[in-house]
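Given next are the chains, with one letter for each unit.
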Amino acid sequence: MWKLKESTAPELHKLILENKTVTYSTVKTIVDRLEEKGAIQRIKNYGRTIVYAPSADQNEMQKPLLKKFINKVFAGNPRLLMNHLLEDETLTDDDIIYLQSIIDKRGK
């Protein structure tokens, strides 16, 4: 939704189908839940088709979602997430330089 700025459920379904087989009703259910939670909002209608847009910017949403993810998947321990990223994921030299710069900033 952040990349598109605004979208309809059928447009989202079509986009998701490029990578994953999922029914329209599943996409619509997720859209409805996101609206209920305030993550997206209705901005206009074209007949019966509703156009949605994000309610918050991406950075605003990432922090609480990441904390929730760390709590659920890594038992609330961010070190386990960092260990997974550093040990199990392929990092480029640029990734490592970037991570080192963050560590250096935090150390000051």
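See the structure above.
Cut-offs used in this document
Residues numbered from 1 in each chain as written. Predicted model: local features only at pLDDT ≥ 70, side-chain atom pairs only at ≥ 80, totals over all residues. Heavy atoms only, no water. Pairing = 2+ DSSP bridges. Helix = DSSP H or I, 4+ residues; strand = E, 2+ residues; numbered from the N terminus. Salt bridge = Lys/Arg side-chain N within 4 Å of Asp/Glu carboxyl O. Buried < 20%, exposed > 50% of the residue type's maximum accessible area, 1.4 Å probe, protein only. Expected span 1.5 Å × (residues − 1). Contact = heavy atoms within 4.5 Å. Phe/Tyr/Trp six-rings, centres within 6.5 Å; stacked < 30°, edge-to-face > 60°.

**Re the sheet that holds strand β1 (residues 7-8)**
Part 1: Taking strand neighbours across the sheet as the criterion, the 3 strands line up as β1-β3-β2 in an open arrangement whose pairing is antiparallel. Since the sheet does not close on itself, it has two edges, and those belong to β1 and β2 (40-46), each with one partner.
Part 2: Across 2 bridges, β1 lies against strand β3 (residues 49-54) in antiparallel orientation. From the neighbouring strand, threonine 8 faces β3, where its bridge partner is valine 51.

**Re the pattern of salt bridges**
Part 1: Enumeration according to the criterion identifies 3 salt bridges in this entry.
Part 2: For lysine 44, the salt bridge goes to glutamate 6, with nearest N and O atoms at 3.1 Å. One end of the pair, lysine 44, is in strand β2; the other, glutamate 6, is in the segment before β1, and 38 residues separate them in sequence.
Part 3: Relative accessible area serves as the criterion here: at 35%, glutamate 6 is assigned to the partly exposed category.

**Some thoughts on helix α3 (residues 58-73)**
Part 1: With 16 residues, α3 should cover 22 Å at 1.5 Å per step; its first-to-last C-alpha distance of 21 Å lies within 8% of that length.
Part 2: Alanine 75 sits one or two positions beyond α3 and adopts a positive phi of about 50°.

**Section: the environment of lysine 3**
Part 1: One can find lysine 3 in the segment before β1.
Part 2: The exposure class of lysine 3 is exposed, given its relative accessible area of 83%.
Part 3: Along the primary structure lysine 3 and proline 54 are separated by 51 residues, whereas in three dimensions their C-alpha atoms are 9.9 Å apart.

**Points about the environment of leucine 12**
Part 1: Its location among the elements puts leucine 12 in helix α1 (residues 9-17).
Part 2: C-alpha separation for the pair leucine 12 and aspartate 94, spaced 82 residues apart in sequence, amounts to 32 Å.
Part 3: With sequence-adjacent residues up to four places away left out, leucine 12 is seen in contact with Met1, Leu4, Ser7, Val27 and Val31.

**Observations regarding the packing of aromatic side chains**
Part 1: All told, the structure shown has 1 aromatic pair when counted by the stated rule.
Part 2: Relative to phenylalanine 74, the ring of phenylalanine 69 lies with its centre 5.7 Å away and its plane at 70°, an arrangement referred to as edge-to-face.
Part 3: On the accessibility criterion, phenylalanine 74 (13% relative accessible area) is buried.

So yeah, pure geometry; function would need other evidence.
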